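An overview of the molecular structure
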Amino acid sequence: MSSGGDNHHLHHGAEPKRDEPTTPRVLTILSCVLEKLVARNDQLVLGSAQLGKSLSAFHGVRAPNITIPNYMERIYKYTNCSPSCFVVGYVYIDRLVHKYPDSLVVSLNVHRLLVTSVMVASKILDDVHYNNAFYARVGGVSNTELNKLEIELLFLLDFGVTVSSRVFEIYCQHLEKEMLCNDATRVIERLAISNSVDDVTEISVEDTQTSSPPQIVD
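In this report, we go over the structure that sits alongside the text. (Residues numbered from 1 in each chain as written. Predicted model: local features only at pLDDT ≥ 70, side-chain atom pairs only at ≥ 80, totals over all residues. Heavy atoms only, no water.)

**Some words on the overall build of the protein**
Going by this rule: Here a helix means four or more residues in a row that DSSP labels H or I, a strand means two or more in a row labelled E, and each is numbered from the N terminus. With a 1.4 Å probe rolled over the protein chains alone, any residue whose accessible area is under 20% of its type maximum counts as buried; one over 50% counts as exposed, and the rest are partly exposed. Residue burial considers only the protein chains on display, and all accessible areas are found by Shrake-Rupley using a 1.4 Å probe.
Helix and strand counts for the protein stand at 7 helices and 2 strands. In the protein, the order of α-helices and β-strands from amino to carboxyl end is β-α-α-α-α-α-α-α-β. Burial status across the protein gives 49% buried among its 218 residues. Of the roughly 10400 Å² of accessible surface on the protein, 53% is carried by carbon and sulfur atoms.

Okay, structure coming up:
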């Protein structure tokens, strides 16, 4: 998934040696929420809505064929980051949406936003995490591009990457409510956020045998 290409093919190698991780409920919930958001925003763009430039660094030439649920499962499967990283990554994306309301999360940018946000969240939350080069391979972008996207995300957020336990819980409750509205009874796995910063953010209404992942080829 690189800026100048389109990520249409997921090449498969041998199956990984370690046991397949069970998909956390938070991935299922988040993927549903993001798919709904992206579908709505894609329609707005088709309807001639003016798209802001703030998230242009995350835009690809065309949307990858890999679905949002499969992409999120891929990140979780190969990076083994904690499920809470996906919630915190969603917090970052939501902060961008509120800070830059003219810039929409659409099919052209959602994958890059996800891999960058989850990677940054893993650096904040997880004691052990993979480096940018590994996340780039998992996400189907070049290491150089992911390094640039990380810097872009941090500056767009004004380096506001701290998420308090209270805000984390609010987002979990919001996501659970979204699923209840869709007749799904799911509860998100919680992981304590250790910082004590009282951070307030609005809530949006709205595969293979080697230890390394297969490539998503442009």
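**Concerning the packing of helix 4 (residues 110-125) against helix 5 (residues 132-139)**
Stated formally: Angles run from 0 to 180 degrees between N-to-C directions of axes, and those axes are lines fitted to C-alpha atoms, restricted for helices to the stretch in contact. Roughly parallel means an angle under 35 degrees; roughly antiparallel means over 145; roughly perpendicular covers 65 to 115; every other angle is labelled oblique. Throughout, a crossing is termed right-handed when the near helix is turned clockwise from the far one, and left-handed when it is turned anticlockwise from it by less than a right angle. Throughout, a contact is declared for two residues whenever any of their heavy atoms are within 4.5 Å.
Two elements in contact, helix 4 and helix 5, have axes separated by 10 Å at closest approach and are oriented at 150°. Here helix 4 lies roughly antiparallel to helix 5, going by the angle between them. The crossing of helix 4 and helix 5 is right-handed. Where helix 4 abuts helix 5, its residues V115, V118, M119, S122 and K123 lie against N132, Y135 and G139.

**Some words on helix 2 (residues 68-79)**
Note the threshold: Working rule for helices: expected span equals 1.5 Å times residues minus one. Between N or O atoms, a polar contact is any pair within 3.5 Å; within protein, one atom must be a potential hydrogen donor and the other a potential acceptor, and residues adjacent in sequence are included only when both atoms are from side chains.
Taking 1.5 Å per residue, 12 residues should reach 16 Å; helix 2 reaches 16 Å between its end C-alpha atoms and fits that length. With 10 of its 12 residues buried, helix 2 lies for the most part within the structure. Every buried residue of helix 2 is listed here: I68, P69, Y71, M72, R74, I75, Y76, K77, Y78 and T79. Between the side-chain oxygen at the start of helix 2 and the backbone nitrogen of N70 there is a gap of 3.2 Å, and the oxygen is on T67. The positive-phi residue at the C-terminal boundary of helix 2 is N80, with phi of around 55°.

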